[in-house]
Amino acid sequence: MATTTYTVTGMTCGHCASSVKQEIGKIDGVTSVDVDLASGLVRVDSAGELTETEVAAAVDEAGYALSA
């Protein structure tokens, strides 16, 4: 089990957070996603290690970006 925290930029409302959560949740091995809208922090629990590339692609699909 792995837990990783990312910062997502551009989220401004609950719908934004929901979209990010849904897209990251589609990644194979992801077991849970928690989004803190106020801080932009996204905690991802997964069965194994995820690559930043696959998480960035999911966040991009939702219409947002990972902070560098």
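Cut-offs and rules
Sequence order as written defines the numbering, with residues in each chain counted from 1. Owing to the predicted nature of the model, reporting of local features is limited to residues with pLDDT of at least 70; listing and counting of side-chain atom pairs is limited to 80 or more, with chain, interface and lining totals taken over all residues. The side-chain figures draw on all heavy atoms in the structure; neither hydrogens nor water molecules are used. Buried Ala, Val, Leu, Ile, Met, Phe, Trp, Tyr and Cys residues form a nonpolar core when they are joined through side-chain atoms within 4.5 Å. Throughout, exposure labels follow a simple rule: accessible area from a 1.4 Å probe, protein chains only, divided by the maximum for the residue type, with under 20% read as buried, over 50% as exposed, and the rest as partly exposed. Contacts are residue-level and defined by heavy atoms, with any inter-residue pair within 4.5 Å sufficient. Two strands are said to pair when DSSP picks up at least two bridges between them. Here a strand is any run of E in DSSP of at least two residues, a helix any run of H or I of at least four, and the numbering for each starts at the N terminus. All axes here are fitted lines through C-alpha atoms, helices being fitted over the stretch that makes contact, and every angle between N-to-C directions spans 0 to 180 degrees. We call a pair of cysteine sulfur atoms a disulfide whenever their separation is within 2.5 Å. Pairs of N or O atoms are called polar contacts if they sit within 3.5 Å, as long as, within protein, a hydrogen donor faces a hydrogen acceptor (for residues adjacent in sequence, only side-chain-to-side-chain pairs).

1. Let's talk about the nonpolar core
Then, in step 1: If you look at the biggest cluster of nonpolar residues, it comprises 19 residues, and the most contacted ones within it are Val8, Val20, Ile24, Val55, Val59 and Tyr64.
Then, in step 2: Filtering out sequence-adjacent residues up to four positions away, Ile24 remains in contact with Val30, Val33, Val42, Val44, Val55, Ala58 and Val59.

2. Notes on the pairing of strand β2 (residues 30–36)
Then, in step 1: Judged from the 6 bridges that link them, β2 and strand β3 (residues 41–46) form a sheet pairing that is antiparallel. In the strand pairing of β3, Val30 is matched with Ser46.

3. Describing the sheet that holds β2
Then, in step 1: The antiparallel open sheet is built from 4 strands, whose spatial order is β2-β3-β1-β4. Sheet topology places β2 and β4 (65–66) at the edges, where each strand pairs with a single neighbour.
Then, in step 2: Lying over the sheet, helix α1 (residues 14–25) contacts β1 (2–9), β2 and β3, oriented at roughly 160° with respect to β2.

4. Things to note about the state of the cysteines
Then, in step 1: Counted according to the given criterion, the structure contains 0 disulfides.
Then, in step 2: Here Cys13 is not cross-linked by a disulfide; its sulfur's nearest cysteine counterpart is in Cys16, at 3.3 Å.
Then, in step 3: Residue Cys13 is classed as partly exposed on the basis of its relative accessible area, which comes to 30%.
Then, in step 4: Of the residues examined, Cys16 reaches a relative accessible area of 5% and is grouped as buried.

5. Observations regarding the environment of Ala56
Then, in step 1: Following the sequence through the fold, Ala56 ends up in helix α2 (residues 52–62).
Then, in step 2: Separated by 50 residues in the primary sequence, Ala56 and Tyr6 place their C-alpha atoms 9.4 Å from one another.

6. Considerations on the environment of Thr3
Then, in step 1: Within the secondary structure, Thr3 sits in strand β1.
Then, in step 2: Thr3 sits 34 residues away from Leu37 along the chain, and the two C-alpha atoms are 18 Å apart.
Then, in step 3: Of note is the side chain of Thr3, whose polar atom sits 2.6 Å from the side chain of Asp45.

Nothing here speaks to function; it is geometry throughout.
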